[in-house]
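Summary of structural features
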Amino acid sequence: MNFLYLTFLFPAIGFLLLATLRTRLSENLAAVIGVGSIGLSALTTVYVGIDFLNNVEQGGKYVQTLWTWMHVGDFNASFGLHLDGLSLTMLGVITGVGFFIHLFASWYMRGEAGYERFFSYMNLFVASMVLLVLGDNLGLLYLGWEGVGLCSYLLIGFYYSDRANGEAAIKAFTVTRVGDVFMAIGIFIIFQQLGTLDIQQILVLAPQKWSEGDPMVVAASLMLLGGAVGKSAQLPLQTWLADAMAGPTPVSALIHAATMVTAGVYLIARTHTVFELAPDVLLLVGVVGAITLLIAGFSALVQTDIKRVLAYSTMSQIGYMFLALGVGAWDAAIFHLMTHAFFKALLFLSAGAVIIACHHEQNIFKMGGLWKKIPFVYACFLVGGGALAAFPFLTVGFFSKDAILLQAYASGHTNLFWAGLVGAFFTSIYTFRLIFIVFHGEEKTHAHSIHGFSYWLPLGVLLVLSTFVGSFIHQPLEGVLPAFTSATLEESKHFVEILAIATGLIGLAFAFVFFWGERRIAKSISESGLGRLLSPVLRDGCGFDWLYNWLFVKPYLFIAAINRHDAIAKLFDLIPSLAKLGNSAMSVTENGRVRWYATSIALGAVLVLGAVLVLQVTFTH
Amino acid sequence: MIAIPMEQGLAVAGVLFTLGLVGVMVRRNILFLLMCLEVMMNAAALAFIVAGSRWGAPDGQVMFILILTLAAAEASIGLAIVLQFYRRHHSLDIDVASEMRG
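Everything numeric here is computed off the predicted structure, so don't read it as measured data. (Residues numbered from 1 in each chain as written. Chains lettered and ligands numbered in written order. Predicted model: local features only at pLDDT ≥ 70, side-chain atom pairs only at ≥ 80, totals over all residues. Heavy atoms only, no water.)

Glancing now at the overall build of chain A. Of the regular secondary structure elements, chain A holds 25 helices and two strands. Considering only C-alpha atoms, chain A reaches an extent of 110 × 60 × 55 Å along its principal axes. In chain A, buried positions account for 56% of the 621 residues. Considering only intrachain contacts with a sequence separation of at least 6, the fraction spanning at least 24 residues in chain A is 81%. Total accessible area on chain A is roughly 26400 Å²; 69% of this is exposed by carbon and sulfur atoms. (Helix = DSSP H or I, 4+ residues; strand = E, 2+ residues; numbered from the N terminus. Buried < 20%, exposed > 50% of the residue type's maximum accessible area, 1.4 Å probe, protein only. Contact = heavy atoms within 4.5 Å. Areas by Shrake-Rupley, 256 points an atom, 1.4 Å probe, with all protein chains shown as cover.)

The following block contains the structure:
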């Protein structure tokens, strides 16, 4: 376990090497450094993980303090890594799934300009993300939090020569920054109230300092929730994720599906004690998740871009995690986080393969009949899509989503449960719509088959993990997160299971009727009056972009236009203009004319003598 | 012999000094400048004499001789400068010599 710091160090060194050597590296060397550093980090994680599980009892933890980061008065923030069941799970997802995505990216990005730049950003991202989950205090967590935000910005705008990509990057950065401001305020409140940023101390001190429903704890948890919804693309800060698909596809897989967007879930799970002291806010977490998963599900139904479908499904799945957090199903949320990382990474990587096979075409209506050309990708898509739609028993997504729905039902929050069930229904429809349109029907493009070791290995591994095999992975969360308890858990088990299976299959049947073959019914709906009215609204994410455009962007630009000359700066312009005035007044006297100098000497003498005289007269009387 | 009151002597010295100073300030001809400087020095010397006679001290007359020597030295150096000045600028206007810009 002493090697824990290496999980962070390898990607950081990889980043430094790639960023300093830049174009001096060949593509192969850049790939070796970029993928190898994550591979070493993943190996370290495996070693540390085995060591941890063998030597530390359940609910135990291992802390490695590297050095003192800040020390001001009573405030003491260490640069310390904290390993427990939760961070080990996250670490495994980040380095494990991250490694396979890097491997895939080394194939996907081949021949692109800025190959080594891509890997330097990716390595920096992994380093920041590891710091985020291992940091033992909120300051370090925030450092990693901002680091991943920066990398997200850099990678969304990776193809910077296209203006739209730059705008998508700015949008993602700005919207998440709104959440981060809330989170910073939350951290300030916690520090002001508890006097420490150490997460373990906070978990101990919070129940002693605050009673349940104390205004300060409500404020603190609300602010933390604000940070979480920003990072995890939940209502009302969800608008950036769909545009974030402008980045390369491996980036969407790693950052905008598997790891970074789940940081909000991790944050809430990490500070669960604070949220448990504010039950109303915890319920709000669930409500936010439920609304987001419904809205994102509706939007995903009408998307035409293969990656945007997956982006909306990501929002929707994180909505499930929030829902689980809200009903107190902590370990179900983390379980779904892990399984979602598997199958969504698989889906995004397969989508990347589809995009490559179709010569960088992303519109699903220009694809079709691809299953004969790329059968392996089709298999990946089937398993990944099945997991997303919670296809019963065969896929890992079924087990995690079923756990969430069951615990939501058993906790008594039936409204949230029904929302989740409706969401599952729509998930099933849009997932199979995607599969039917892309892989079946008539061929519209000439797709070429694809080969390569670094292409099929990541897909293969994630494919296996997305089947029921993935559900055998045990997460050592006992003692770290409170266990879910409910009297009605056992008796409602079969009811919820049957309902979930039925919903998924009915959704599949609907998708078959609507989107198989000619898609007559779907076309007639979208061409009817209601369809014409609704589908543009849904396609643009239910009008949130439009709303925010009018609410924030336009007024901001308006004020900026009014204040083009910057009224406040005028005030500060006074200082230099005064100095300039003095300067010109003084430089008039330095004119090089001897007579002028003589005059000023005489005047000065007169003034001094006059002053002496006046003083003498005043003081002698 | 009627003693001249100190106040009147000093007033004459003051008037002379002011005349010389005004001359330095307003004239541009370098010869007039030299003459005005001479006038100012003589005004100062006169003030010393008046003060010396008022307190019956010889120091005033010592200072006068000193100033006279000074004035002679100054006149010789000043005239040499005027000569050089005229050779270089073909003018006696002192403002022509200003080479500062800005």
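This part takes up the overall build of chain B. A tally of helices and strands in chain B yields three helices and zero strands. At 17 Å, chain B has a C-alpha radius of gyration far larger than the 13 Å of a compact globule built from 102 residues. Taken along its principal axes, the extent of the C-alpha atoms in chain B is 55 × 25 × 25 Å. Expressed as a percentage of its 102 residues, the buried residues of chain B come to 27%. In chain B, the share of contacts with a sequence separation of at least 24, taken over all contacts with a separation of at least 6, comes to 54%. Surface accessibility of chain B: about 7100 Å² in total, with carbon and sulfur atoms responsible for 72%. Separation between the mean location of the 6 positive side-chain charges and that of the 7 negative ones in chain B comes to 9 Å. (Rg over C-alpha atoms; globule rule 2.2 N^0.38 Å. Lys, Arg positive; Asp, Glu negative; His and termini not counted. Charge placed at Lys NZ, Arg CZ, Asp CG, Glu CD.)

Core analysis: the biggest nonpolar cluster contains 202 residues, and Ile306(A), Val354(A) and Phe439(A) have the highest contact counts within it. For this core, the leading source of residues is helix H15 (residues 330-357) of chain A, giving 21 residues. Filtering out sequence-adjacent residues up to four positions away, Phe439(A) remains in contact with Val354(A), Gly369(A), Leu370(A), Trp371(A), Ile374(A), Val377(A), Tyr378(A) and Phe381(A). In terms of nonpolar packing, the next biggest core, distinct from the first, is built from five residues, Ala602(A), Leu21(B), Val24(B) and Cys36(B) among them. (Core = buried A, V, L, I, M, F, W, Y, C linked by side-chain atoms within 4.5 Å.)

Scanning all chains against the criterion turns up eight salt bridges over all chains. Ionic pairing is found between Asp180(A) and Arg177(A), a salt bridge with its closest N-O pair at 2.5 Å. Placement of the pair is Asp180(A) and Arg177(A) together in helix H6 (residues 163-194), with a separation of three residues, close to one helical turn. The pair formed by Asp180(A) and Arg177(A) is uniform in burial state, with each residue classed as buried. Across the salt bridge formed by Asp93(B) and Arg28(B), the nearest N and O atoms sit 3.9 Å from each other. Note that Asp93(B) is positioned in the segment after helix H3 (59-89) and Arg28(B) in the loop between helix H1 (6-26) and helix H2 (30-55), a separation of 65 residues in sequence. Take Arg28(B): its relative accessible area is 46%, and that puts it in the partly exposed class. In this structure, a network of salt bridges that share partners links the residues Glu146(A), Arg177(A) and Asp180(A). (Salt bridge = Lys/Arg side-chain N within 4 Å of Asp/Glu carboxyl O.)

To continue, consider the side chain of Ser106(A). All names here are of chain A. For Ser106, the location among the structural elements is in helix H3 (residues 85-108). Among the polar contacts made by the side chain of Ser106, one reaches the main-chain carbonyl oxygen of Leu103 at a distance of 2.6 Å. If sequence neighbours within four positions are ignored, Ser106 has contacts with Ala31, Val35, Tyr115, Phe119 and Ser454. (Polar contact = N/O pair within 3.5 Å; in protein donor to acceptor, adjacent residues only side chain to side chain.)

Let us look at the side chain of Arg117(A). Residue and element names in this part refer to chain A. Here Arg117 lies in helix H4 (residues 115-134). Buried and without a salt bridge, Arg117 has Glu116 as its closest oppositely charged side chain, separated by 5.8 Å. For Arg117, the contacting residues outside a window of four places in its chain are Arg22, Phe158 and Tyr160.

Turning next to the interface of chain B and chain A. Each side of the interface is counted separately: chain B has 11 residues, and chain A has 10 residues. Counting the surface lost from both chain B and chain A, the interface buries some 850 Å², and carbon and sulfur atoms represent 59% of this. For the interface between chain B and chain A, the tally reads zero salt bridges. For the interface between chain B and chain A, the tally reads two residue pairs in polar contact (both at pLDDT 80 or more). Of all the elements, H1(B) adds the most residues to the side of chain B that touches chain A, at four residues. A per-class count over the side of chain B that touches chain A returns seven nonpolar, one polar and three charged. (Buried area = accessible area lost by both parts, 1.4 Å probe. Nonpolar A, V, L, I, M, F, W, Y, C, P; charged D, E, K, R; others polar.)

This part is about the domain arrangement of chain A. Partitioning chain A into structural domains gives domain 1 (340-471 + 484-527) and domain 2 (565-620). Distance between the C-alpha centres of domain 1 of chain A and domain 2 of chain A: 82 Å. (Domains from an automatic or database assignment.)

Attention now goes to the environment of Ala333(A). Residues and elements named next belong to chain A. Relative to the helices and strands, Ala333 is located in helix H15. For Ala333, a relative accessible area of 0% gives the class buried. Along the backbone, Ala333 and Asn165 are 168 residues apart, and their C-alpha atoms lie at a distance of 32 Å. Apart from the residues within four sequence positions on either side, Ala333 is in contact with Met321, Ala324 and Leu325.

Below, the discussion takes up the packing of aromatic side chains. Under the defined criterion, the tally for this structure stands at 30 aromatic pairs over all chains. Three or more aromatic residues joined by ring pairs make a cluster, and in this case those are Phe104(A), Trp107(A), Tyr108(A), Phe376(A) and Tyr455(A). Its guanidinium or amino end placed over the ring of Trp550(A), Lys554(A) lies 4.5 Å from that ring's centre, counting from NZ or CZ. For Arg54(B), the ring lying beneath its charged end belongs to Trp55(B), and the centroid distance is 5.3 Å. (Phe/Tyr/Trp six-rings, centres within 6.5 Å; stacked < 30°, edge-to-face > 60°. Lys NZ or Arg CZ within 6 Å of the ring centre and 35° of its normal.)

Turning our attention to unusual backbone geometry. Going from Leu235(A) to Pro236(A), the amide bond is cis rather than trans, its omega being 0°. With respect to the helices and strands, the residue Pro236(A) is situated in the loop between helix H8 (215-231) and helix H9 (239-243). Non-glycine residue Phe393(A) carries a positive phi angle of around 65°. On the secondary structure map, Phe393(A) appears in the loop between helix H16 (375-388) and helix H17 (396-410). Note on Phe393(A): relative accessible area 46%, which makes it partly exposed. Of note, His90(B) is a non-glycine position whose phi angle comes to about 50°, a positive value. Residue His90(B) is classed as exposed on the basis of its relative accessible area, which comes to 63%.

In this section: a nonpolar patch on the surface. On the surface, Trp546(A), Leu547(A), Trp550(A), Leu551(A), Phe552(A), Val553(A), Tyr556(A) and Leu557(A) cluster together into a nonpolar patch covering about 940 Å² of accessible area. Relative to the helices and strands, Trp550(A) is located in helix H23 (residues 544-562). (Patch = residues over 30% accessible without salt bridge, like charges linked within 9 Å, V, L, I, M, F, W, Y side chains within 5 Å.)

Here we come to the pairing of strand S1 (residues 62-72) of chain A. All names here are of chain A. Note that S1 and strand S2 (residues 75-83) share nine bridges and pair antiparallel. The residue bridging Tyr62 from the neighbouring strand is Leu83, located in S2. With antiparallel pairing between neighbouring strands as the criterion, S1 and S2 make up a hairpin whose turn holds two residues, including Gly73 at a positive phi of roughly 60°. (Pairing = 2+ DSSP bridges.)

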